[in-house]
Amino acid sequence: MAITNEYIKNLLCEVKERNPGESEFHQAVEEVLECLEPVIEKHPEYINAGVLANLVEPDRIIKFRVPWVDDSGTVRVNRGYRIQFNNAIGPYKGGLRFHPSVNESIIKFLGFEQIFKNSLTGLPLGGAKGGSDFDPKGKSDGEIMRFCQSFMTELCKYIGADVDVPAGDIGVGAREIGYMFGQYKRIRGEFTGVLTGKGITYGGSLARKEATGFGLCYFTDEMLHEAGKTFDGARVVISGSGNVAIYAAQKAIELGATVVAMSDSDGYAYDENGIDLELVKNIKEIRRERISEYTSERDEATYRVGSKNIWTVPCDIALPCATQNELDLGGARALVGNGCFAVAEGANMPTTPDAIAYLMANGVLFAPAKAANAGGVATSGLEMAQNSMRYSWSFDEVDSKLHEIVKNIYKSCSDAARVYGKEGDLVMGANIAGFLKVAEAMRSQGAV
Ligand code: NDP
C-alpha cells in the first residue's frame, strides 16, 4: 500500500531522517501512518493540532547504565531503557524486555505500538516500553536478582503507580518482576502497584499470567466466528514457548484445537498427535530448558533446528508468539501453500509487511498484534484497578472481564474498518480505532 497523502509522506520521511538506522521503529510507524491516511483526509484538524507529529516523537527517552556483579565477582555493565511515549489517555504502561537484541529502535517500536494497543483496551493507559540488552539465559538466580535490583535502582526515579507502570515482556516474567518490585519498595519505602505481573501473594492479579495467550485466542475466535470457522478440530502451529505461546496453546486446546508445533529461538518441536503442554510447561517454566528437550521425553515427536522453519508445518491456524519479524514472506508462502486459513499475532509485529500483504491477498484471516495480544495489557490494567481498590477478584471474574474486553476490541476494529471502507481489514481497523481515542485526547489537552 503506497502512501499518497503529502503530509503523511513528509512526516514518514522526517521520522526516518530523525531516527536513522532504526528499522523496526520505521516499520511500525509506516504501518500506522499508512492506515491513518483516510482518517487524516476526513479529519484534517488533526494535522493543525500537531497530533500526528507529536505521536511519532516519544515524550522522553530514558537511557541508563546497569552495572551488576556476576557469580565470579566480575562487574558487568548493560544498558537500560525506558521510553515513555505518550500519556494522553492514562499513565505510561508497557513491558520491560531483557534480551541481547534490545536497542533503542526495538524499544521505540514497541512503545509506539503500545499507545494504540492500550487505547484499544478501553482502559486509561498510556504507551511506553523499556528493557535492557541483558541476556537472562544461562544466568543464575543470584545474577538475575542483582541485575534486576541494579536496573530498578535507576528506573525507580522515573516510574510510579500514577506515572508509569511497567510489566513483563521477553525475558521478564514473575521472577524478574518480583526482584524489581522488592527493590522499588526498598528504595521508595512504599507498597504501590508500580509494576504489573506481580506474584499473587503480593498484589498480582489472577489470570494475568494467562491473559495474553488467552486474549489472543479469544480475539482469534471472534475473527474465526465471523468467517464461519472455529478452533474446534483445527491444527494449530505456535511459535515460541514462552509466556504468550504457552497460554495461547492452553486456550487453543481448550477450544478444541490440536497444537502440533512449538518453538524457541533454536528450533521447533513437532508432535503430530498434539503437543503435551504439561511437558512444555515443565521444560520451560520450571526447568528453564530448551524446547529440544521435548523430544527426549516424547518418542513420537521430532525436533528440527531453525525456528523459522516452523511455518512449513502444515496447519489451519498459525499463532506467531515469539518475536518481531519472525514470520516473513517465505513463511507466509509456506502457510498459504499448506492451506492455513488464519494467522493471529501473539508477539509484537511478528509478521513482516510483505508477509502480511501476501497473507491478506490470499484470503487468510489476519489478526494484528495491537489488537490480538492486547488482552495482556488489559489484564495489567485490571491488576492496577485491583491494587487501587486494595481488593482482588477471582480467576473467573478476571477471565470474564478479559473476555469481554477482547470482544469489544474485536468489535471496535471491525467497526472502524467498515466505517473507513475496508471491511474485514483488521490491521486498518486496529490502527484507526486505537488512534482516534488518543488523537481526541491529545487535541482536547492541547497538543503543544
Ligand atoms: P518469553 O520470554 O516468555 O518467551 C519468548 C519466546 O520467544 C521464547 O520461546 C523465546 O525463545 C522466543 N524468542 C525470543 N526471541 C526470539 C528470537 N529472536 N527468535 C526466535 N524466538 C525468539 O516472552 P513472552 O512470551 O512474554 O513474549 C513473546 C512475544 O509476545 C513478544 O513479542 C512480546 O513483546 C509479546 N507480548 C507479550 C506480552 C506478555 O504479556 N508477556 C503482552 C503482549 C505482547 P528463547 O528462549 O530461545 O529465547
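Residues numbered from 1 in each chain as written. Predicted model: local features only at pLDDT ≥ 70, side-chain atom pairs only at ≥ 80, totals over all residues. Heavy atoms only, no water.

Draft legend 1. Representation of the sheet that holds strand E9 (residues 302-305) within the structure. Judged by pairing direction, the sheet is mixed, and its seven strands sit side by side in the order E9-E8-E7-E6-E10-E11-E12 without closing on themselves. The sheet is open, and its two borders are formed by E9 and strand E12 (365-367), each paired with just one other strand. Between one strand and the next, the sheet's axes are offset by a mean angle of 15°, whatever the strand orientation. (Pairing = 2+ DSSP bridges. Helix = DSSP H or I, 4+ residues; strand = E, 2+ residues; numbered from the N terminus. Axes fitted to C-alpha atoms, helices over the stretch in contact; angles between N-to-C directions.)

Draft legend 2. How the structure looks around the environment of Asp264. One can find Asp264 in the loop between strand E7 (258-263) and strand E8 (267-270). In the structure, Asp264 is positioned 44 residues away from Lys308 in sequence and 9.7 Å away in space, judged by C-alpha atoms. For Asp264, the residues in contact, after removing those within four places along its chain, are Ser241, Lys284, Arg290, Ile291 and Ser307. Within the structure, Asp264 has its side chain in polar contact with the side chain of Arg290 (distance 3.3 Å). Here Ile291 takes part through its backbone nitrogen, which lies 2.8 Å from a polar atom of the side chain of Asp264. (Contact = heavy atoms within 4.5 Å. Polar contact = N/O pair within 3.5 Å; in protein donor to acceptor, adjacent residues only side chain to side chain.)

Draft legend 3. Expanded view of the packing of aromatic side chains. A full pass over the atoms with the stated rule returns 17 aromatic pairs. Plain terms: the ring middles of Phe25 and Phe85 are 6.1 Å apart, the flat faces sit at 45° to each other, and that makes the pair tilted. You can see Phe25 sitting in helix H2 (residues 23-42) and its partner Phe85 sitting in strand E2 (residues 75-86), a full 60 residues away along the chain. Like Phe85, Phe25 is buried. One aromatic cluster in this structure is built from Phe64, Trp68, Phe98, Phe134, Phe147 and Phe151. One Lys or Arg, Arg333, reaches over the ring of Tyr358 and ends 5.5 Å from the middle of that ring. Just above the ring of Trp393 sits the side chain of Lys401; from NZ or CZ to the centre is 4.5 Å. (Phe/Tyr/Trp six-rings, centres within 6.5 Å; stacked < 30°, edge-to-face > 60°. Buried < 20%, exposed > 50% of the residue type's maximum accessible area, 1.4 Å probe, protein only. Lys NZ or Arg CZ within 6 Å of the ring centre and 35° of its normal.)

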